[in-house]
Amino acid sequence: RHKICINIRVVKMLGHIVHRGLAAGGFVAQHSSILPALSKRLFASRPSDDKVVAVEVAPFAVHKINAPSRHVETTVGELSEMYKTMYKMRRMEIAADMQYKSKMIRGFCHLYDGQEAVLTGIEAAITKEDSLITSYRDHCHNLTRGGTVANTMAELFGRATGATRGLGGSMHMYNKAHNFYGGNGIVGAQIPLGAGIAFAHKYRKEPNVCVTMYGDGAANQGQKYESMNMAALWEIPCIYVCENNHYGMGTAEWRSAKSPSYYTRGDYIPGIKADGMDVLAVKQVTQYAKQYALEKGPIILELDTYRYHGHSMSDPGSTYRTRDEINTMRQHRDPVERVKKLLVEAGVPSEELKMIERDVKKEVDAAVESAKAAPVPPEEWMWRNMYKDPTNCTLRDVTGGYVTPHYSLDYKI
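Visitor: Honestly, the overall build of the protein chain in this entry has me stumped. Any pointers?
Guide: Scanning the protein chain from terminus to terminus reveals 14 helices and 12 strands. Evaluated residue by residue, the protein chain yields a buried proportion of 49% over its 413 residues. Within the protein chain, contacts between residues separated by at least 24 positions form 72% of all contacts whose residues are at least 6 apart in sequence. Of the roughly 20600 Å² of accessible surface on the protein chain, a fraction of 54% belongs to carbon and sulfur atoms.

Visitor: I keep staring at the sheet that holds strand 4 (residues 131-133) and nothing clicks. Help me out?
Guide: Picture the strands of a sheet paired through backbone hydrogen bonds; they go either parallel or antiparallel. One open sheet accounts for six strands, arranged 2-9-10-6-5-4; its pairing is mixed. Strands with a single pairing partner mark the edges of an open sheet, and in this sheet they are strand 2 (61-63) and strand 4. Put simply, the sheet's adjacent strands are angled 20° from each other on average, direction ignored. Summarising the sheet, strand 4 and strand 5 (residues 210-215) pair through three bridges and their orientation is parallel. Residue pairing across strands places Leu-132 opposite Val-211, the latter belonging to strand 5. Packing against the sheet, helix 11 (residues 279-296) makes contact with strand 6 (238-244), strand 9 (271-275) and strand 10 (299-304), and its axis sits at approximately 170° to strand 10.

Visitor: Is there a simple way to explain the packing of helix 7 (residues 149-156) against helix 14 (residues 350-373) in this structure?
Guide: Helix packing geometry: the angle between the two helix axes and the distance between the axes. Where helix 7 meets helix 14, the axes come as close as 8 Å, and the angle between the chain directions of the two elements is 40°. What the angle tells us is that helix 7 and helix 14 run oblique. Here helix 7 and helix 14 pass one another in a crossing that is right-handed. Residue-level inspection shows Val-149, Ala-150, Met-153 and Ala-154 of helix 7 in contact with helix 14, the latter providing Glu-363, Val-364, Ala-367, Val-368 and Ala-371. Its residues assigned to classes, the contact of helix 7 with helix 14 comprises eight nonpolar, no polar and one charged.

Thresholds, definitions, all that
- Residues numbered from 1 in each chain as written.
- Predicted model: local features only at pLDDT ≥ 70, side-chain atom pairs only at ≥ 80, totals over all residues.
- Heavy atoms only, no water.
- Helix = DSSP H or I, 4+ residues; strand = E, 2+ residues; numbered from the N terminus.
- Buried < 20%, exposed > 50% of the residue type's maximum accessible area, 1.4 Å probe, protein only.
- Contact = heavy atoms within 4.5 Å.
- Areas by Shrake-Rupley, 256 points an atom, 1.4 Å probe, with all protein chains shown as cover.
- Pairing = 2+ DSSP bridges.
- Axes fitted to C-alpha atoms, helices over the stretch in contact; angles between N-to-C directions.
- Parallel < 35°, antiparallel > 145°, perpendicular 65-115°, else oblique.
- Left-handed = near helix turned anticlockwise from the far one by under 90°.
- Nonpolar A, V, L, I, M, F, W, Y, C, P; charged D, E, K, R; others polar.

Written out as structure tokens, the structure is:
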């Protein structure tokens, strides 16, 4: 009763401070140091960030390698950060869906909701010195590689403040400063590029890997096997990650692959299959794979995941699978809810999680409004980033007229 009374008084004090701040602007700013202390008292029963949470993940399937331990330890602090990241991904992709349907976003748009545990778990196991390359389903990758919701949304809107200055759009986000190499629009094209990036790490004697991500729809391509052969010959530190969401475009894996056990299809390259809907299982297997890749060369990870939306916004996603199947995945395997449940079981107050959710929603809403207000790229940017002067060249515009480009040696934007 004593603790409850204290918390009620704290809530009233916080309300009083907010009211005074609104009514007599400046009060909150002058007394901002009070708020952290009051927040700590409000959540006095909250476990510390250092509290260890032990989990046993689902069994790993393996090919020519021993399995990692199923016993995973994390902390409340790490789980909280994972929840915030994954919830932000989810809200951002939902907002992108809404803006696409409002025709504010045009062209191709492939959403990542449902697959958040894959990227979040991978990033928890590597560093920003390690490289990352992926397919056209890349919005959330920009977010984890130094980007923001604001510049991701602006890029989707085709605005000059976007991740790639509004020139790349949904499929071509990129951040070299944080070793993120896209965003690649051609199915499977990133796979040999990833092997090349991994080779560069080895050539420079850097203790880093390249995580090369692709979907089950790209898993049958010849260029994948050519790059794997080279990677194995030269023992390149490349982690090939097959995000198996079970439907390459609209084709079920069993209809497109004679052997849908993608983790085994490197033949001479070892592979591991893990639950891609469990962020801790993904982190565990990626840590294991990184250590192996640095010592012995390439390895394949197949992460069993699921996309809630269709392949792209032009795909309703319900003609080749049932709504019952989608709802079952949401109810029983949702990766965001799984982390939330672990936090609640660890003793984190539900109000703290609601605060995270409110803050994320505000950030996403603000990003949408910012993108709407941002300028479109100026016309001259269309012929920037060129390496050769397009002499005697004219460009036809959408009105039927012609524009003569003005080449600049300062070609970078």
